[in-house]
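Residue-level structural notes
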Amino acid sequence: QVQLVESGGGLVQPGGSLRLSCAASGSIFSIVSMDWYRQAPGKEREFVASISKYSNTNYADSVKGRFTISRDNAKNTGWLHMNGLKPEDTGVYYCKVTESNYMASWGKGTLVTVSS
């Protein structure tokens, strides 16, 4: 079982930046994908970004050019760098990893609030 802990959320003004972290621990097979999702109040959880074991990245259109996903395979840690934050980026951000045995695990989330 993989345990994921997200951190780095908080309150930021529009136009500001935050860096979220996701640390994986426990019995880990090779992590083939690390993803970030978010859930705004009253809305469904949505995909934000993903990065493969080979650093291939994919982003939701709403965050392209503003967010950057990265990871350190040796440390089983990933990050989501968020720039140019907008009020509509507000929500709980979740980390998800998929292992080579096709098991997926989710963190408990970290709250990001973008407000003046």
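Residues numbered from 1 in each chain as written. Predicted model: local features only at pLDDT ≥ 70, side-chain atom pairs only at ≥ 80, totals over all residues. Heavy atoms only, no water.

1. Some points on the nonpolar core
Applied cut-off: Joining through side-chain atoms within 4.5 Å is the link that ties buried Ala, Val, Leu, Ile, Met, Phe, Trp, Tyr and Cys residues into a set, and such a set is a nonpolar core. The cut-offs for exposure are 20% and 50% of the maximum accessible area for each residue type, with area from a 1.4 Å probe on protein chains only; residues under the lower value are buried, those over the upper are exposed, and the others partly exposed. By definition, any uninterrupted DSSP run of H or I lasting at least four residues is a helix, any uninterrupted run of E lasting at least two residues is a strand, and each is numbered from the N terminus. The contact criterion used throughout is that any non-hydrogen atoms of two residues lie within 4.5 Å.
Core analysis: the biggest nonpolar cluster contains 26 residues, and Trp36, Val48, Phe67, Leu80, Met82 and Tyr93 have the highest contact counts within it. When contributions to this core are tallied by element, the ones reaching two or more residues are strand E1 (2-7), strand E3 (18-26), strand E4 (31-39), strand E5 (46-52), strand E7 (67-72), strand E8 (77-82), strand E9 (91-99) and strand E11 (110-114). If you tally residues by element for this core, the top one is E3, at four residues. In contact with Phe67, not counting residues within four places along its chain, are Arg38, Val48, Tyr59, Leu80, His81, Met82, Asn83, Leu85, Asp89 and Tyr93.

2. Remarks on the environment of Gln13
For Gln13, the position within the fold is in the loop between strand E2 (10-12) and E3. Take Gln13: its relative accessible area is 54%, and that puts it in the exposed class. The sequence separation of Gln13 and Ser115 amounts to 102 residues, and the corresponding C-alpha distance is 5.0 Å. In this structure, Gln13 is in contact with Val114 and Ser115, ignoring residues within four places of it in sequence.

3. Thoughts on the side chain of Ser105
Here Ser105 is to be found in strand E10 (residues 104-106). For Ser105, a relative accessible area of 7% gives the class buried. Filtering out sequence-adjacent residues up to four positions away, Ser105 remains in contact with Gln1, Val2, Leu4, Cys95, Lys96, Val97 and Glu99.

4. Structural notes on the packing of aromatic side chains
Quick reminder of the rule: For Phe, Tyr and Trp, where Trp contributes only its six-membered ring, two rings pair if their centres lie within 6.5 Å, and the inter-plane angle classes them as stacked under 30 degrees, edge-to-face over 60, or tilted in between. Sitting over a ring, as applied to charges here, requires NZ of Lys or CZ of Arg to be within 6 Å of the ring centre and within 35 degrees of the ring normal.
Taken as a whole and assessed by the stated rule, the structure comprises two aromatic pairs. An angle of 80 degrees between the planes, with centres 5.7 Å apart, marks the rings of Tyr37 and Phe47 as edge-to-face. With Tyr37 in strand E4 and Phe47 in strand E5, the pair connects residues that are ten residues apart, well separated along the chain. Grouped by ring-pair contacts, the aromatic residues Tyr37, Phe47 and Trp106 constitute a single cluster. The ring of Tyr94 carries the charged tip of Arg45 above its face, separated from the ring centre by 3.7 Å. Between Arg45 and the ring centre of Trp106, over which it is positioned, the NZ or CZ distance is 4.7 Å.

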